[in-house]
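Next come the chains, spelled out residue by residue.
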Amino acid sequence: MQPLENLSRRIEGLSALDPVADRVANAVSSLSHRPVVASALAGTPLGHPLHPVLTDLPIGSWTSAFFLDLFGGASARPGSRSLIGVGVLTALPTAITGLADWADTSGATRRIGAVHAAINTTALGLYALSWRSRRHGRHGRGVVLAMLGATAATAGAYLGGHLVYRTGTGVDVNAGRADPDDWTEAGADTRLPDDKGVYLVADGTEVLATRHHDRWTGIGARCSHRGGPLQEGEIAGGCVTCPWHFSRFALEDGAVVAGPAIAPQPRYSVREEGGTFAVRPMSSGG
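The paragraphs below set out a description of the structure included in this document.

Analysis parameters
Within every chain, residues take consecutive numbers counted from 1 along the sequence as written. Selection of residues for local features in this predicted model requires a pLDDT of at least 70, selection of side-chain atom pairs for listing and counting requires 80 or more, and totals for whole chains, interfaces and linings are taken over all residues. In computing side-chain properties, one takes all heavy atoms of the structure into account and sets aside hydrogens as well as water. As used in this record, nonpolar core signifies buried Ala, Val, Leu, Ile, Met, Phe, Trp, Tyr and Cys residues forming a set joined through side-chain atoms within 4.5 Å. Only protein chains enter the accessibility calculation, which uses a 1.4 Å probe. A residue is then buried if its area is under 20% of the maximum for its type, exposed if over 50%, and partly exposed in between. One bridge is not enough; two strands pair if DSSP finds at least two bridges between them. Strands are runs of DSSP state E lasting at least 2 residues, helices are runs of H or I lasting at least 4, and numbering of each runs from the N terminus. Here an axis means a line fitted to C-alpha atoms, over the contact stretch when the element is a helix, while the angle between two N-to-C directions is reported on a 0 to 180 degree scale. We define a salt bridge as a side-chain nitrogen of Lys or Arg found within 4 Å of a carboxyl oxygen belonging to Asp or Glu.

Details of the nonpolar core
As a rule of thumb, soluble globular proteins bury nonpolar side chains together.
Item 1. In terms of nonpolar packing, the biggest core is built from 13 residues, with Leu208, Ile219, Leu230, Ile235, Val240, Phe249 and Leu251 touching the most fellow members.
Item 2. Residues Ala202, Trp216, Tyr268 and Val279 belong to the second largest nonpolar core, which totals 11 residues.

So this is what it looks like as structure tokens:
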């Protein structure tokens, strides 16, 4: 697999893709960062990224058509054509959700995503042509086009896997955090403007602490979506808005109020004694 890995690394270094990719991403973001749209496209109500869920629909349809073409005989042709059509139709919302996710990437990750999208668009075009050929009675040509589409879709899937398993795109940023086991004094604390809270760093753990009903509570200061600095976000109405992609979280319990984030913020107990703060993960006893 080393040649494929090397190819992925080369794509990551293709800075020539940046001007076009950045313009497209900015255009997409102007639409996808609207609160209701962001939550819907990201899968916030599901608590799980929507794009990988939707990919099963075109992949499953096209794979089923592949086997009908190989082993189904003439009687399976109508079914195969229908499955190709279902795959094309379901690929459209799948592409839209993927585009919204991609718009919030940058650098090498954005380059991989751009090539992933281009390859998948090619696959979609080939399958659309396959369906059209079959509809006009050119079954053999349709099969060839579908095989080419399957080849492109497989290449696109490889790069999609690279995005998730090599770069961690779409994974909760806080999933692998190493919290202290017990109360740990903050080595640094920064008061936020207008006394709206305190940004704490305790043994590498970053916490946004705010007051609720005369007690301190804390949530992770790195946005679960892409790691944005929540301490730099707007605090209003009991929520904090990430300054990068505008996800909103409840300050009291870290719950996602609006996407594109899909995972809540980790929660921390916070105490202040003599002007010194200490934090502890909520899992350590609340």
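Back to the write-up after that little detour.
Considerations on the sheet that holds strand E9 (residues 256-258)
Hydrogen bonding along the main chain pairs the strands of a sheet, whether they run parallel or antiparallel.
Item 1. The strand order E6-E7-E8-E9 describes an open sheet built from four strands, whose pairing is antiparallel. Unpaired on one side and paired on the other, strand E6 (234-236) and E9 mark the two borders of the sheet. If you compare each strand with its neighbour and ignore which way they point, the axes differ by 30° on average.
Item 2. Relative to strand E7 (residues 239-241), E6 runs antiparallel, the two sharing three bridges. In the sheet register, Glu234 faces E7, and the bridge partner there is Thr241.

Examining the pattern of salt bridges
Item 1. Using the criterion set out here, one finds 12 salt bridges in the structure.
Item 2. Arg166 serves as the salt-bridge partner of Glu5, at 3.3 Å between the closest nitrogen and oxygen. Here Glu5 is found in helix H1 (residues 2-12), whereas its partner Arg166 is found in the loop between helix H7 (139-165) and strand E1 (184-185), with 161 residues between them in sequence.
Item 3. Judged by its relative accessible area of 13%, Glu5 falls in the buried class.
Item 4. Among the charged side chains, a salt-bridge network with shared partners connects Glu5, Arg9, Glu12 and Arg166.

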